[in-house]
Amino acid sequence: MIMHPTPRRPLITMGVELESYTIELPENRICRDLHYPRRATIEKGERFTRDWSIGSEYNSKVFTTIREAFFLLKTGLRKYTEFREERSGSSRYVIFPIGGWIDRFAGAHIHLALGKKGLCYEDAKELAGYLHDHIPFIIALTANSPVWREKVSHHASNRLLRGSEKYCRTTKRGTLYKHHFRELTYNRGGKKKCPTLELRVPDSSLPEYIVAALCVCYAVTLQWLKHRPLLNQSTHINYLKVRDQSVRHGVKAKLVWTNHNMSVRNYIDLFFRKYEDELRQMDIPEEIIRLFKYLKKGWNQAEVIRKAALRCQKKHRPTWQRRFAKRYAVAIEELLDGNSFERFAQRLGVRLPTVQRTWLGRKEADW
């Protein structure tokens, strides 16, 4: 019997661009000052550059697995603590990855491709159709800008609420623009970058939440590569409604799966059931699994930041922003050094609920 070799599945590659505010120490001032790490710490494939709107921007290496993405993102962002000598005076700077605070937006852009050649436009358009209706879920997951113009609001993502029309315009499923300021866009790349599908909706975020969004994108991409039918497709009117819900209410939003309304909690259950095979292939770190469990219990970054900010306001009204910045600087340095998200929230004065340390699956007791 002649054995025919099975065709190899193309390698999925990912990358991240992260825009960020800055905290100046010891003044504990939240600002948009531009800063770079020491040149000697920068590795091939990553860039520390300038975003003309917000200030600092990190362009990651290319990732091929979820664990690699988690490790390299933390390693890369940790280098912001190693500053150039000419900037090291009495002040030093800490990265402040949050979607909004003063009057500018900071986002995290996810790039998806296949191998070193990237994605041709037709493939990117097809993959965009698979990802499109999961965008409101990704917004609820990564919302991280409850503060705008130094005031705490009830909204989960002020960045998307106020900046979508200009920087992150909505698209219909089946349409893919090459224009830069769309929520999903075809990025044609350049001399050092291959063509990619770019997702622009996540707020600037901690590495844990960026990787959680990568998990969603990676699972959907694996489904697309298997040439399976779309699992989630709703009308554009329903899509726009739930997108707005996610922007305003985050974890408290009502989402939609093929025109069926449901809570974020039920959406996560359904997503992990429908994409169970793909998610199990990905070897997702336990730290990332726990974020989805916190999301089911009503917690994301926006909720943590809002609660921490309101607590500082209550205790230190005249100087609450500096108090908050001081706590955040300690929290994120510890997080990038390897501490958990639970410890990060605790440093901000927020206690997260207890979750079971088990795999997300239909057979688990807490699901």
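To start, this report covers the structure provided alongside it. These numbers were taken from a predicted model, which means no experiment stands behind them.

**Let's talk about the pattern of salt bridges**
- Counted by the stated rule, this structure contains 25 salt bridges.
- In this structure, the salt-bridge partner of Arg-29 is Glu-24, at a minimum N-O distance of 2.5 Å.
- With relative accessibility at 10%, the residue Glu-24 sits in the buried group.
- The network of salt bridges with common partners includes Glu-43, Glu-46, Lys-61 and Lys-79.

**Some details on the packing of aromatic side chains**
- Under the defined criterion, the tally for this structure stands at 23 aromatic pairs.
- Ring centres of Phe-105 and Trp-148 lie 4.8 Å apart, and the angle between their planes is 10°; on these two criteria the pair is classed as stacked. Taken together, the residues Phe-105 in the loop between strand 5 (92–96) and strand 6 (108–114) and Trp-148 in strand 7 (residues 147–148) connect sequence positions 43 residues apart.
- Judged by relative accessible area, Trp-148 falls into the buried class, the value being 10%.
- On the basis of an interplanar angle of 55° and a centroid distance of 6.5 Å, the ring pair of Tyr-294 and Phe-341 is categorised as tilted. Pair noted here: Tyr-294 is in helix 9 (residues 286–296) and Phe-341 is in helix 12 (residues 341–347), with a separation of 47 residues, a long-range link.
- Of the residues examined, Phe-341 reaches a relative accessible area of 4% and is grouped as buried.
- Taken together, Tyr-21, Phe-96, Trp-101, Tyr-209, Tyr-294, Trp-320, Phe-324, Tyr-328, Phe-341 and Phe-344 form an aromatic cluster joined through their ring pairs.

**Re the nonpolar core**
- By size, the foremost hydrophobic cluster in this structure holds 111 residues, and its most contacted members are Trp-101, Phe-324 and Tyr-328.
- Residue contributions to this core peak at 15 residues, all from helix 5 (residues 207–225).
- Beyond its immediate chain neighbours, meaning those up to four positions away, Phe-324 contacts Phe-96, Trp-101, Ile-305, Ala-308, Ala-309, Cys-312 and Leu-348.

**Regarding helix 3 (residues 135–142)**
- Across the eight residues of helix 3, eight count as buried, placing the element largely inside the fold.
- For helix 3, the full list of buried residues reads Ile-135, Pro-136, Phe-137, Ile-138, Ile-139, Ala-140, Leu-141 and Thr-142.

**So, the state of the cysteines**
- Following the criterion strictly, the structure yields zero disulfides and no others.
- Free of any disulfide, Cys-31 has its nearest neighbouring cysteine sulfur in Cys-312, separated by 18 Å.
- For Cys-168, which is in no disulfide, the shortest distance to another cysteine sulfur is to Cys-217 and amounts to 13 Å.
- Accessibility expressed as a relative area gives 3% for Cys-168, which makes it buried.

**Thoughts on unusual backbone geometry**
- Of the consecutive residues Leu-25 and Pro-26, the connecting peptide bond is found in the cis state with omega at 5°.
- Of note, Pro-26 is situated in the loop between strand 1 (12–25) and strand 2 (29–31).
- Its identity as a non-glycine residue notwithstanding, Asn-28 has a phi of 55°, on the positive side.
- As for its placement among the helices and strands, Asn-28 is situated in the loop between strand 1 and strand 2.

**A look at the pairing of strand 11 (residues 254–257)**
- The pairing of strand 11 with strand 12 (residues 260–263) spans four bridges and is classified as antiparallel. The partner of Lys-254 across the bridge, within strand 12, is Ser-263.
- Between the antiparallel neighbours strand 11 and strand 12 lie two residues, among them Thr-258 with a positive phi of about 50°.

**Some remarks on the packing of helix 1 (residues 66–78) against helix 5**
- Contact geometry of helix 1 with helix 5 gives a least axis separation of 10 Å together with a crossing angle of 150°. Classified by the angle between their axes, helix 1 and helix 5 sit roughly antiparallel to one another. The two elements helix 1 and helix 5 cross, and the hand of that crossing is right-handed. Across the interface between the two elements, Ile-66, Ala-69, Phe-70, Leu-73, Lys-74 and Leu-77 from helix 1 touch Pro-207, Glu-208, Ile-210, Val-211, Leu-214, Cys-215 and Tyr-218 from helix 5.
- The residue makeup of the contact of helix 1 with helix 5, split by class, is eleven nonpolar, no polar and two charged.

**Things to note about helix 6 (residues 236–249)**
- Here helix 6 is 14 residues long and its end C-alpha atoms lie 20 Å apart, about the 20 Å a rise of 1.5 Å per residue gives.
- Among the residues of helix 6, Tyr-239, Val-242, Arg-243, Ser-246 and Val-247 are the ones counted as buried. The buried residues of helix 6 occupy an angular sector of 145° when projected down its axis, which confines them to one face. Away from its buried face by more than 90 degrees, helix 6 exposes Ile-237 and Lys-241.
- Those residues of helix 6 hidden inside the fold are in contact with helix 2 (121–132), helix 3, helix 4 (158–167) and strand 11.
- Phi turns positive one or two residues past the end of helix 6, at Gly-250, with a value near 55°.

About the criteria used
Residues numbered from 1 in each chain as written. Predicted model: local features only at pLDDT ≥ 70, side-chain atom pairs only at ≥ 80, totals over all residues. Heavy atoms only, no water. Salt bridge = Lys/Arg side-chain N within 4 Å of Asp/Glu carboxyl O. Buried < 20%, exposed > 50% of the residue type's maximum accessible area, 1.4 Å probe, protein only. Phe/Tyr/Trp six-rings, centres within 6.5 Å; stacked < 30°, edge-to-face > 60°. Helix = DSSP H or I, 4+ residues; strand = E, 2+ residues; numbered from the N terminus. Core = buried A, V, L, I, M, F, W, Y, C linked by side-chain atoms within 4.5 Å. Contact = heavy atoms within 4.5 Å. Disulfide = S-S within 2.5 Å. Pairing = 2+ DSSP bridges. Axes fitted to C-alpha atoms, helices over the stretch in contact; angles between N-to-C directions. Parallel < 35°, antiparallel > 145°, perpendicular 65-115°, else oblique. Left-handed = near helix turned anticlockwise from the far one by under 90°. Nonpolar A, V, L, I, M, F, W, Y, C, P; charged D, E, K, R; others polar. Expected span 1.5 Å × (residues − 1). Arc of directions from axis to C-beta.

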